[in-house]
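Residues per chain, in single letters:
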Amino acid sequence: MGNALLGKVAFVTGAAAKRGMGRAVAVRLAKEGADVVVTDKFAAPKSAWAGDEDWKGLEDVVKEIETVGRKSLAVVAGVEDSTEVESAVKKTIDRFGQIDILVNCAGIRGPVGVNIVDGDEKDWRLLFDVNAVGAMIVSKAVAREMIRRNEGGKIVHIASAAGKLPCPGSAAYAASKWAVIGIVQALAMELAPYKINVNAINPGFFATNLRDSEAIRQSREKGISVEQFREEEYKMLANMVPLKRMGRLEDIADVTYFLVSEQSQYLTGVNINVTGGTLMH
């Protein structure tokens, strides 16, 4: 455990899933010394992984943060709802007086394997509401506090390698994540005068709860268990990666820590691929 972020307050969205990037990031930043506010649309989202039945979501993440000696606060808020987000930010300021770091991990996957000609605009609107408009809403609410305090800040959004690759069957997801990259670049320019760095991370293939609903659907179609489907899919995906493995949540937490630390002062408006070599541009 380090003290590099001692005295800093981090606001992490999408932090309730047991096997999610938000949880991994929140705990890592706490281990580096930050007090961490964790938010999610659902206080305790379900997991399709065996052994996760007792997971209590935000409540358990708060306990993990407090176990490493840092303060924490859990607030239920969906990033697509500006009233909920503004309330969560206000609760954070009331409790801690500041927000130095925003890490937006909230996001949804949407349908997989649906071509544009077969797509439903409701799915598109929902994906953009959460992934893109949500990124704007949470950035706006937190950046206003950072500007008001006038002591700089760090903002990181989790985008996706899908935002930079052809994604037949997942155009809505890819387009919403490409939008996140665009938001990050514009925001980086807008907030540069206030010494606020804004960057994005593009994860590749990761074993998270984001794939749960698709794993359930496809395992049923194939007549196999979710565990068997997951094992087969992850083996196939790992073979597509130059480093020959799926990403680990620690890989995202490590890069996030770098981007919110003093080590990345001269980086803003960039999107870093964390893909094991699958995406190199």
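Definitions and cut-offs
Residues numbered from 1 in each chain as written. Predicted model: local features only at pLDDT ≥ 70, side-chain atom pairs only at ≥ 80, totals over all residues. Heavy atoms only, no water. Helix = DSSP H or I, 4+ residues; strand = E, 2+ residues; numbered from the N terminus. Rg over C-alpha atoms; globule rule 2.2 N^0.38 Å. Buried < 20%, exposed > 50% of the residue type's maximum accessible area, 1.4 Å probe, protein only. Contact = heavy atoms within 4.5 Å. Areas by Shrake-Rupley, 256 points an atom, 1.4 Å probe, with all protein chains shown as cover. Lys, Arg positive; Asp, Glu negative; His and termini not counted. Charge placed at Lys NZ, Arg CZ, Asp CG, Glu CD. Axes fitted to C-alpha atoms, helices over the stretch in contact; angles between N-to-C directions. Parallel < 35°, antiparallel > 145°, perpendicular 65-115°, else oblique. Left-handed = near helix turned anticlockwise from the far one by under 90°. Nonpolar A, V, L, I, M, F, W, Y, C, P; charged D, E, K, R; others polar. Expected span 1.5 Å × (residues − 1). Phe/Tyr/Trp six-rings, centres within 6.5 Å; stacked < 30°, edge-to-face > 60°. Lys NZ or Arg CZ within 6 Å of the ring centre and 35° of its normal. Pairing = 2+ DSSP bridges. Right-handed = clockwise from strand over helix to strand, strands pointing away. Core = buried A, V, L, I, M, F, W, Y, C linked by side-chain atoms within 4.5 Å.

S.K.: Outline the overall build of the protein chain, listing residues and values.
M.R.: When helices and strands are counted, the protein chain shows eight helices and seven strands. A compact globule built from 281 residues would reach a C-alpha radius of gyration of about 19 Å, and the protein chain, at 18 Å, matches this within 12%. Of all 281 residues assigned to the protein chain, the portion counted as buried reaches 51%. Within the protein chain, contacts between residues at least 6 apart in sequence are counted, and of these 75% link residues at least 24 apart. For the protein chain, the accessible area works out to roughly 13500 Å², and carbon and sulfur atoms hold 54% of it. Across the protein chain, 35 positive and 35 negative side-chain charges occur, with their mean positions spaced 3 Å apart.

S.K.: Lay out the packing of helix H3 (residues 82–96) against helix H4 (residues 121–149) in plain terms, naming residues and giving numbers.
M.R.: For the pair H3 and H4, interaxial distance at closest approach is 9 Å and the crossing angle is 30 degrees. Regarding the angle of H3 to H4, the classification is roughly parallel. Note that H3 runs across H4; the crossing there is right-handed. Here Ser 82, Val 85, Glu 86, Val 89 and Ile 93 of H3 come into contact with H4, specifically with Ile 137, Val 138, Ala 141, Val 142, Glu 145 and Arg 148. When its residues are assigned to classes, the contact of H3 with H4 shows seven nonpolar, one polar and three charged.

S.K.: Now, about helix H8 (residues 249–260): what can you tell me, with residues and values included?
M.R.: In this model, H8 (twelve residues) spans 17 Å end to end at C-alpha, consistent with the 16 Å of a helix rising 1.5 Å per residue. Of all the residues in H8, the buried ones are Leu 249, Asp 251, Ile 252, Ala 253, Val 255, Thr 256, Tyr 257, Leu 259 and Val 260. Close packing links the buried residues of H8 with helix H1 (21–31), strand E4 (101–104), strand E5 (153–158), strand E6 (196–203) and strand E7 (271–274).

S.K.: With reference to specific residues and values, describe the packing of aromatic side chains.
M.R.: Tallied over the entire structure, the rule returns two aromatic pairs. Where Trp 124 meets Phe 128, the ring centres are 6.3 Å apart and the plane angle is 10 degrees; that geometry is what we call stacked. Taken together, the residues span about one helical turn, with Trp 124 and Phe 128 both in helix H4 at a distance of four residues. Look at Trp 124 and you get partly exposed, because its relative accessible area is 29%. Above the plane of the ring of Tyr 173 lies Arg 109, whose end atom (NZ or CZ) is 4.2 Å from the centre.

S.K.: Give me the sheet that holds E5: which residues, what numbers.
M.R.: Within the open sheet, the seven strands sit side by side as E3-E2-E1-E4-E5-E6-E7. Their pairing is parallel. Unpaired on one side and paired on the other, strand E3 (72–76) and E7 mark the two borders of the sheet. Across the sheet, the axes of successive neighbouring strands diverge by a mean angle of 15 degrees, strand direction being ignored. Sheet analysis places strand E1 (residues 9–13) next to strand E2 (residues 35–40), joined by four bridges and oriented parallel. Note that in E2 the partner of Ala 10 across the bridge is Val 36. H8 contacts E4, E5, E6 and E7 of the sheet and is inclined by roughly 165 degrees relative to E6.

S.K.: Could you give me a rundown of the pairing of E3, with the residues and numbers involved?
M.R.: Looking along a regular strand, one sees side chains alternate from face to face of the sheet. Note: E2 against E3, five bridges, orientation parallel. Paired with Val 37 across the strands is Leu 73, a residue of E3. Since E2 and E3 lie parallel, the crossover through helix H2 (residues 58–67) that links them has a hand, and here it is right-handed.

S.K.: Please provide a residue-by-residue account of the nonpolar core, values included.
M.R.: Proteins that are soluble and globular tend to have nonpolar side chains buried together. Formed by 34 residues in total, the largest nonpolar core has its most connected members in Phe 11, Val 89, Val 142, Ile 155 and Val 198. At the level of elements, E1, E3, H3, H4, helix H5 (171–191) and E6 are the ones that each hand at least two residues to this core. Here the element with the most residues in this core is H4; it accounts for eight residues. Residues within four places of Val 142 in sequence aside, it is in contact with Phe 11, Val 89, Ile 99 and Leu 102. Membership of the second largest hydrophobic core comes to 33 residues, among which are Ala 26, Trp 55, Val 61 and Tyr 257.

S.K.: Run through the side chain of Arg 230, naming residues and quoting values.
M.R.: Summarising the element assignment, Arg 230 is placed in helix H7 (residues 226–240). We classify Arg 230 as buried; its relative accessible area is 7%. Among residues more than four places away in sequence, those in contact with Arg 230 are Ala 48, Trp 49 and Asp 212.

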